[in-house]
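Commentary on secondary and tertiary structure
The lines below spell out each chain.
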Amino acid sequence: MTDTQWPRYEVFKQDKPNKPHEAIGTVHATDDELALQNARDVHVRRPDCHSLWVASETKILKRTAQQIEQNPTQQDAEPQTGYSQTDQLETYQIFCKKTLRRTMVAAVHVGTVDASTPQHALEIARGSTDLVADPNKIYVWWVVPDRDIIRSEDENIASLFEPAIGKTYKQQSRYGLIQPEAQT
Amino acid sequence: MQNNAQQTETENLIEFEARIERGDKIEPGDWMPDEYRRQLIRMISQHAHSEVVGMLPEGEWLTHAPSLQRKLVLMAKVQDEAGHGQYLYHAAESLGVDRKELLDALLEGKAKYSSIFNYPSLTWADVAWIGWLVDGAAIKNQTMLTKASYGPYSRAMVRICAEETFHFKQGKQMIYQYVQGTPKQQAMVQESFDRWWWPTLMMFGPPDSESPNSAQLTKWGVKSKTNDELRQEFIDETVTEVLALGLTVPDPDLRYDEASEHWITGPINWDEFWAVVKGNGPMNKERLAAKQDAHDDGQWVREAMVAYAEKQKAFA
């Protein structure tokens, strides 16, 4: 890492407690704590946000449907989980892109899978209807070891996200419709 | 073997263009022609540079805002521009280019940014007109780009447009307030408009006949309207409203054409546009110097952050 080359983290934002986390973009940061802070500063200048997750992009296995079709068992460019294959299972978080139409998010959290490697987790997710109704209609899969996800803490919700809610002067709705007839 | 590779390349191109035709997005990791990737990196990174350089003409007024409320609003706007720059730099990076490469290109004068930010912000009314005119023009362009075929760029555009509307409205609200204010305020508004009107029209880029990248960008679903189309939409909306406020437009040839229902402007000074684009505008050197200073002045901070992170890892 140099002063002009920082690691990149994917940012996942949960708007409300009953909604899934959504991948909304990336930030650069020198460490995990700063990644969360930068994610808040870049991506949560306005409501709503209940929870933020960040994960180093080096820990995320990403496969498009096209890549899977053309190279089903691709082993190169595996994420650096620092994990060697054993029989031990660990929890992986799974995110999917369900449409190629215009959406606001790159991928949506669909659930968890227990597996021994990221590739194994991907195979389980693709072979099951527990996470998505039709795994053959998924365009992009992301697999992240749960231990590599850095989460905002619930006790910090107020200090992290309340300022965005209170500063209504930056909401365009506060300005209403500005037209000549309205001014007398 | 070579024939098979070529066929796959052709098949990939056919599928790629079919996807765009259907209105489906192209995402990071998908196959794309090298030229598509190259054009998007150029376009998205120059858009990002425009956001961060755009912080400068307004940033100057933060310490001169006439009230605390105006200062808070302006601060929020400038913070948004920084955030928009980040959305766009990251969208460019998803195409396989480093941030350092992009920043070096800006600081070395190799990359462009929107010509409008090479003009000075001389009065407080400039801050208002930058909101109404410059951000208004940006919204026109960016609304079109929300339909762009590359997913990360399209998503960045949607989020930017939502936030940009606040920028547009706060500028407009200021103008409405000042034209109903004192003679001094009204004069300031008119004088500032006279300086920002023509450069804003130039923001939409050269005339269609002189725009070399447009055809390819349209074919691949990045642009869907021409420079001249967007420019004309902006002119029609803005002139009507500005005249209704009792202001004048600094254009003796401006006339309304009943048949086409368009406002027709006089000739745009394209010599000025090209001079500014090539580095000879009023503030080109100052803008780049400010970005270079910010980069140099921030070096110790960046180095400290790296040193801290590496120390934490060593002791983990």
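For clarity, every value in this text was computed on a predicted model and none was experimentally measured.

Turning to the overall build of chain B, a few remarks are in order. When helices and strands are counted, chain B shows twelve helices and two strands. The order of α-helices and β-strands along chain B, N terminus first, is α-α-α-α-α-α-α-α-α-β-β-α-α-α. Against the 2.2 N^0.38 benchmark of 20 Å for 316 residues, chain B shows a C-alpha radius of gyration of 22 Å, consistent with a compact globule. Taking the principal axes of the C-alpha coordinates as reference, chain B spans close to 75 × 65 × 35 Å. Counting over 316 residues, chain B shows a buried share of 36%. Across chain B, every contact between residues at least 6 apart in sequence was considered, and the portion connecting residues at least 24 apart equals 73%.

Looking now at the sheet that holds strand S4 (residues 61-64) of chain A. All names here are of chain A. Read from one edge to the other, the open sheet built from eight strands follows the order S4-S7-S5-S6-S2-S1-S3-S8, with strand pairing classed as antiparallel. A single partner strand is all that each edge strand has here, and the edge strands are S4 and strand S8 (150-151). Summarising the sheet, strand S3 (residues 51-56) and S8 pair through two bridges and their orientation is antiparallel. Counterpart to Val-54 in the pairing with S8 is Ile-150. The strands touched by helix H1 (residues 32-43) within the sheet are strand S1 (8-14), strand S2 (22-28), S3 and S8, with S3 carrying the most contacts at an inclination of about 125°.

So, on to the interface of chain A and chain B. Contact with chain A, which involves 32 residues of that partner, is made by 40 residues of chain B. Listing elements by their share of the side of chain A that touches chain B, those giving two or more residues are S2, S4 and helix H2 (65-70) of chain A. When residues in the side of chain A that touches chain B are grouped by element, the largest group, three residues, is from S2 of chain A. Its residues assigned to classes, the side of chain A that touches chain B shows ten nonpolar, 13 polar and nine charged.

Here the focus is the nonpolar core. One finds Ile-44, Leu-88, Ala-128, Trp-129 and Tyr-153 of chain B to be the most contacted residues of the largest nonpolar core, which totals 59 residues. Elements represented by at least two residues in this core include exactly helix H2 (34-59), helix H3 (68-93), helix H4 (99-107), helix H5 (124-145), helix H6 (151-179), helix H7 (183-202), helix H9 (227-244) and helix H10 (270-280) of chain B. Residue contributions to this core peak at eleven residues, all from H5 of chain B. Setting aside its immediate chain neighbours within four residues, Tyr-153 of chain B contacts Leu-40, Ile-44, Ala-91, Leu-145 and Ala-148 of chain B. Grouped together as the second largest cluster of nonpolar side chains are 39 residues, Ala-39, Ala-55, Val-113 and Trp-142 of chain A included.

Residues and elements named next belong to chain B. One can describe the packing of H3 onto H6 by two numbers: an axis separation of 10 Å at closest approach and a directional angle of 170°. By the angle between their directions, the pair H3 and H6 is classed as roughly antiparallel. Here H3 and H6 pass one another in a crossing that is left-handed. Across the interface between the two elements, Val-73, Lys-77, Asp-80, His-84, Tyr-87, Leu-88 and Ala-91 from H3 touch Pro-152, Tyr-153, Ala-156, Arg-159, Ile-160, Glu-163, His-167 and Gln-170 from H6. Of the residues that constitute the contact of H3 with H6, the class distribution is eight nonpolar, three polar and four charged.

Right, let's get into the confidence of the model for chain B. Per-residue pLDDT for chain B has a mean of 94; in total, 98% of the residues score no lower than 70. Scored as a whole, the predicted complex attains pTM 0.93, and scored at its interfaces, ipTM 0.90.

Residues and elements named next belong to chain B. Two elements in contact, H5 and H9, have axes whose closest approach is 10 Å; the angle formed by their N-to-C orientations is 135°. By the angle between their axes, H5 is oblique relative to H9. Once H5 is placed against H9, the crossing between them reads as right-handed. Counting all contacts with H5, which are made through Gly-136, Ala-137, Lys-140, Asn-141 and Met-144, the residues of H9 involved are Leu-230, Glu-233, Phe-234 and Thr-238. When its residues are assigned to classes, the contact of H5 with H9 shows four nonpolar, three polar and two charged.

On to the pairing of S2 of chain A, then. Residue and element names in this part refer to chain A. Of all the seven residues making up S2, five are buried; the element is thus mostly covered by neighbouring parts of the structure. Summarising the sheet, S1 and S2 pair through six bridges and their orientation is antiparallel. Considered in S2, the bridge of Phe-12 is made with Ala-23. In terms of strand pairing, S2 meets strand S6 (residues 107-115) through two bridges, oriented antiparallel. If you follow Glu-22 over to S6, its bridge partner there is Val-108.

Residue and element names in this part refer to chain B. Residue placement: Glu-58 occurs in helix H2. Sequence separation between Glu-58 and Ile-44 is 14 residues, and the spatial gap between their C-alpha atoms is 22 Å. Not counting residues up to four positions away in its chain, the partners in contact with Glu-58 are Leu-74, Lys-77, Val-78, Ser-121, Val-127 and Ile-130.

Reading the values: rules and limits
Residues numbered from 1 in each chain as written. Chains lettered and ligands numbered in written order. Predicted model: local features only at pLDDT ≥ 70, side-chain atom pairs only at ≥ 80, totals over all residues. Helix = DSSP H or I, 4+ residues; strand = E, 2+ residues; numbered from the N terminus. Rg over C-alpha atoms; globule rule 2.2 N^0.38 Å. Buried ≥ 20, exposed ≤ 12 C-beta atoms within 10 Å, placed from the backbone. Contact = placed C-beta atoms within 7 Å. Pairing = 2+ DSSP bridges. Axes fitted to C-alpha atoms, helices over the stretch in contact; angles between N-to-C directions. Nonpolar A, V, L, I, M, F, W, Y, C, P; charged D, E, K, R; others polar. Core = buried A, V, L, I, M, F, W, Y, C linked by C-beta atoms within 7 Å. Parallel < 35°, antiparallel > 145°, perpendicular 65-115°, else oblique. Left-handed = near helix turned anticlockwise from the far one by under 90°. pLDDT = per-residue confidence, 0-100.

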